[in-house]
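Descriptive structure summary
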Amino acid sequence: MNAGDRAARFAALHDGGCFALPNAWDAGSARIMAHAGAVAIATTSAGIAWQLGRRDYAVTLAESLENARVLIGATELPVSADLEDGFGPAPEDCARTVRAAGEAGLAGCTIEDTTRDAASPIHAFDHAVERVRAAVQAARALGRPFVLTARAENFLNGRPDLDDTIRRLVAFAEAGATCLYAPALPDMDAIRKVVAAVAPKPVNVLMGPRSGLVPLAELAAAGVRRV
């Protein structure tokens, strides 16, 4: 199956209902997930780093895309990649990363608003939006479907500010992001608020929320499209 067909399948999964998107880290885990019934899989930046004996965020774009190619070759499933902060601070870096992701055959990817700077871990609002806008433009230039997921990382970086998180996700949606994602939201109330704020755009949540695991059916009832 070619990259365009897989990408179209992946995009269609976001049109209704709710599906699980498990993280694979090598060919074996990808095949196990496919056998278990996964309809798509995603790479994991932490998984790539750990199998290389490194900390998360210690891999290069080339290494991340090579891992993605392994997963693409392991099954017929669409593959989306965790591409961290876009591998650079500038909007142009995000655009370059998305172009490379498309060329690698990926059906989508995520771009975070993190900086990799512990002293100031989140990009300023306007700059974060410009980064997403550049990534969206690069995705659209691929000439085929590509699910660009924009991530607001406040809750993973010691900034539990739901209002700012929603403000960012709304702006990312307006900039053209296909899917919105704020990892580690604290509870179902926060998830419902995010879903309502960016509707009708699809929302991804990280298997949770932090208050405890929630059945997929309950997340679906709250309007979540991807877990």
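The paragraphs below set out a description of the structure included in this document. Since this is a predicted model, take the numbers as computed values, not measurements.

Relative to each other, helix α5 (residues 91-103) and helix α6 (residues 125-140) sit at 30 degrees, their axes nearing to 8 Å. The angle between α5 and α6 places the two elements in the roughly parallel class. Handedness of the crossing formed by α5 with α6: right-handed. Mapping the contact onto sequence places Pro-91, Cys-94, Ala-95, Val-98 and Arg-99 in α5 and His-127, Glu-130, Arg-131, Ala-134, Ala-135, Ala-138 and Ala-139 in α6. Along the lines of polarity and charge, the residues of the contact of α5 with α6 split into eight nonpolar, one polar and three charged.

What follows is about the packing of aromatic side chains. Scanning all chains against the criterion turns up one aromatic pair. Aromatic side chains Phe-10 and Phe-19 sit 6.3 Å apart centroid to centroid with 80 degrees between the ring planes, which places their arrangement in the edge-to-face category. Accessibility expressed as a relative area gives 0% for Phe-10, which makes it buried. Note on Phe-19: relative accessible area 6%, which makes it buried. Above the ring of Phe-125, the side-chain terminus of Arg-167 is found at 3.6 Å from the ring centroid.

What describes two packed helices is the angle between their axes and the distance between those same axes. Taken N-terminus to C-terminus, the directions of helix α2 (residues 27-35) and helix α4 (residues 61-74) make an angle of 40 degrees; their axes are 9 Å apart at the nearest point. Put simply, α2 runs oblique to α4. Every pair of crossing elements has a handedness; the one defined by α2 and α4 is right-handed. Contacts between α2 and α4 involve Ala-27, Ala-30 and Arg-31 from the former and Val-70, Leu-71 and Ala-74 from the latter. Within the contact of α2 with α4, the residues separate by chemical class into five nonpolar, no polar and one charged.

Parameters at a glance
- Residues numbered from 1 in each chain as written.
- Predicted model: local features only at pLDDT ≥ 70, side-chain atom pairs only at ≥ 80, totals over all residues.
- Heavy atoms only, no water.
- Axes fitted to C-alpha atoms, helices over the stretch in contact; angles between N-to-C directions.
- Helix = DSSP H or I, 4+ residues; strand = E, 2+ residues; numbered from the N terminus.
- Parallel < 35°, antiparallel > 145°, perpendicular 65-115°, else oblique.
- Left-handed = near helix turned anticlockwise from the far one by under 90°.
- Contact = heavy atoms within 4.5 Å.
- Nonpolar A, V, L, I, M, F, W, Y, C, P; charged D, E, K, R; others polar.
- Phe/Tyr/Trp six-rings, centres within 6.5 Å; stacked < 30°, edge-to-face > 60°.
- Buried < 20%, exposed > 50% of the residue type's maximum accessible area, 1.4 Å probe, protein only.
- Lys NZ or Arg CZ within 6 Å of the ring centre and 35° of its normal.

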